[in-house]
Amino acid sequence: MSDMTYRRIGRSGLTVSEIGLGSWLTYGAGVDDRTSIACIRTALDAGVLFFDTADVYAGGEAERVLGRALSGIRRADLVIATKAYFPMSDNPNDRGLSRKHLHESLNASLTRLGTDYVDLFQCHRPDPTVPIAETVRAMDDLVRAGKTLYWGVSMWSAEQMAEAHRIAEATHAAPPISNQPPYSLVDRAIEASVLPWCREHGVGQVVFSPLAEGLLTGKYRADATPAGSRAAHEQRGRFLRPMLTPENFARVERLAKIADEAGLPLARLALAWVLRDPGVASAIVGASHPEQVQENVKAAGVKLDASTLDAIERALV
């Protein structure tokens, strides 16, 4: 029996595992298929039911790997999420949040995933070239067609989500239930306006990079980059390297001491901190080895006491 704990996404009826498994920069790209499938199966054994991917990850290969790994698992036991927005070819219609692209992208994702529907279909970024009303109605059509059960957004502003919510309410369309932003001890940008708006309107967070691309595992030091690590990889490390600053290394050093005092590994402290907010339904982690999955799922259900939370706030200054 796993120790995984579960939460609803916002005010929706959809339940996800507090730890979700993502596939950005890993499956179909930086990690071989055998290891990828081992990671996904390890997550399943640990009680993870929420699996997040996107069409653009490894040009569709991440979805194919996930589909193969989940083959044979009872579909009702899974929550599968994917996303669309980024260009998938040179075709000018094969990108963005138009009705045409959203329908065609989801159909292609379903084929790669080997399933008849996804549980959550997300707008991977806002699209300033397409009216939000068109996107809302297209998503509502996909929900009504049963190709996705819910829809959400990723990295939208509070104002953009408010407009989508208003349009959905006025047209009796399905509203977005979720937002997928980066959120971690060293990236708290959503706290200013996104989290307050989402709390008020019942939109849940399924956050990515809760370990700041691995920075918050403590394996990176100012004086050395571990061989074979993400930071050492030219392509996969391009999002991590800008975070490897003297200020962040100092924060990590202070946070590591707090984790020791709390009797927790640093990564577990970081994940538990993200999950301290009831508006966060799931923290999506990446993994290139099954052992990383086994460690990260242990953050589910961990509660940090008030003194630890206060110490964390002081350490982040």
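Each remark here, short or long, concerns the structure printed above.
Residues numbered from 1 in each chain as written. Predicted model: local features only at pLDDT ≥ 70, side-chain atom pairs only at ≥ 80, totals over all residues. Heavy atoms only, no water.

A word on helix 1 (residues 33–45). The end-to-end C-alpha separation of helix 1 is 18 Å, in line with the 18 Å expected for 13 residues at 1.5 Å each. On its buried face, helix 1 sits against strand 3 (19–21), strand 4 (50–52), helix 2 (61–70) and helix 9 (290–296). The residue sitting at the N-terminus of helix 1 and contributing the capping side-chain oxygen is Asp32; that oxygen lies 3.1 Å from the backbone nitrogen of Arg34. Residue Gly47 follows helix 1 closely and has a positive phi angle near 95°. (Helix = DSSP H or I, 4+ residues; strand = E, 2+ residues; numbered from the N terminus. Expected span 1.5 Å × (residues − 1). Contact = heavy atoms within 4.5 Å. Polar contact = N/O pair within 3.5 Å; in protein donor to acceptor, adjacent residues only side chain to side chain.)

Below, the discussion takes up the pairing of strand 10 (residues 280–285). For strand 10, the buried fraction is high: 6 of the 6 residues fall into the buried class. Summarising the sheet, strand 3 and strand 10 pair through 3 bridges and their orientation is parallel. If you follow Gly20 over to strand 10, its bridge partner there is Ile284. Here strand 9 (residues 204–208) pairs with strand 10 via 4 bridges, running parallel. What sits directly across from Val207, in strand 10, is Ala283. (Buried < 20%, exposed > 50% of the residue type's maximum accessible area, 1.4 Å probe, protein only. Pairing = 2+ DSSP bridges.)

Another aspect to go through is the environment of Leu44. With respect to the element layout, Leu44 can be found in helix 1. Considering only alpha carbons, one finds Leu44 and Leu78, 34 residues apart in sequence, at a separation of 9.1 Å. Aside from chain neighbours lying at most four places away, what touches Leu44 is Phe51, Leu70, Ile73 and Leu78.

With that out of the way, let us pick up empty space enclosed by the protein. Scanning all chains against the criterion turns up 2 cavities of 30 Å³ or more. Around the largest cavity sit Leu21, Gly22, Ser23, Tyr27, Ile40, Phe51, Asp52 and Leu66, which together line it. Grouping the amino acids of the lining of the largest cavity by side-chain chemistry returns 5 nonpolar, 2 polar and 1 charged. Here the second largest cavity defines a volume of roughly 30 Å³. Around the second largest cavity, the lining residues are Ile19, Gly20, Leu21, Ala43, Val48, Val285, Val293, Asn296 and Val297. Only strand 3 and helix 9 provide two or more residues apiece to the lining of the second largest cavity. Element by element, the count of residues in the lining of the second largest cavity is highest for strand 3, at 3 residues. (1 Å grid on protein atoms, 1.4 Å probe; cavity = no way out; pocket = protein on both sides within 12 Å on 5 of 7 lines; lining within 4 Å. Points joined across faces, edges and corners; volume = space filled by probe spheres on them. Nonpolar A, V, L, I, M, F, W, Y, C, P; charged D, E, K, R; others polar.)

For the rest of this paragraph, the subject is the pairing of strand 7 (residues 148–153). Examined bridge by bridge, strand 6 (residues 118–123) and strand 7 share 5 bridges and lie parallel to one another. Its bridge partner lying in strand 7, Gln122 is registered against Gly152. With helix 4 (residues 132–144) bridging strand 6 and the parallel strand 7, this β-α-β connection has right-handed handedness. Looking at chain direction, strand 7 and strand 8 (residues 178–179) are connected through 2 bridges and run parallel. From the neighbouring strand, Val153 faces strand 8, where its bridge partner is Asn179. In this fold, strand 7 hands off to helix 5 (residues 158–171), which returns the chain to strand 8; that crossover is right-handed. (Right-handed = clockwise from strand over helix to strand, strands pointing away.)

By convention here, two paired aromatic rings are described through the distance between centres and the angle between planes. Taken as a whole and assessed by the stated rule, the structure comprises 3 aromatic pairs. Here the aromatic rings of Tyr183 and Trp273 are separated by 5.4 Å at their centres, their planes lie at 40°, and the arrangement is tilted. Residue Tyr183 is found in the loop between strand 8 and helix 6 (194–201), and its partner Trp273 is found in helix 8 (residues 266–274); the two are separated by 90 residues along the sequence. Each of the two residues, Tyr183 as well as Trp273, counts as buried. In this structure, Arg75 is placed above the aromatic ring of Tyr117, and the distance from its NZ or CZ to the ring centre is 4.0 Å. When the ring centre of Trp273 is taken as origin, the NZ or CZ atom of Arg276, which lies over that ring, is 3.8 Å away. (Phe/Tyr/Trp six-rings, centres within 6.5 Å; stacked < 30°, edge-to-face > 60°. Lys NZ or Arg CZ within 6 Å of the ring centre and 35° of its normal.)

What follows concerns the nonpolar core. Within the largest apolar cluster, 86 residues are counted, with the highest numbers of intra-cluster contacts made by Ile19, Leu21, Phe51, Leu255 and Ile312. Take this core: its biggest share by element is 8 residues, from helix 8. For Ile19, the contacting residues outside a window of four places in its chain are Met4, Val48, Leu271, Leu275, Ser282, Ala283, Val285, Asn296, Val297, Ala299 and Ala300. The next biggest cluster of nonpolar side chains, apart from the first, holds 12 residues, and it includes Ile9, Phe50, Ile177 and Ile284. (Core = buried A, V, L, I, M, F, W, Y, C linked by side-chain atoms within 4.5 Å.)

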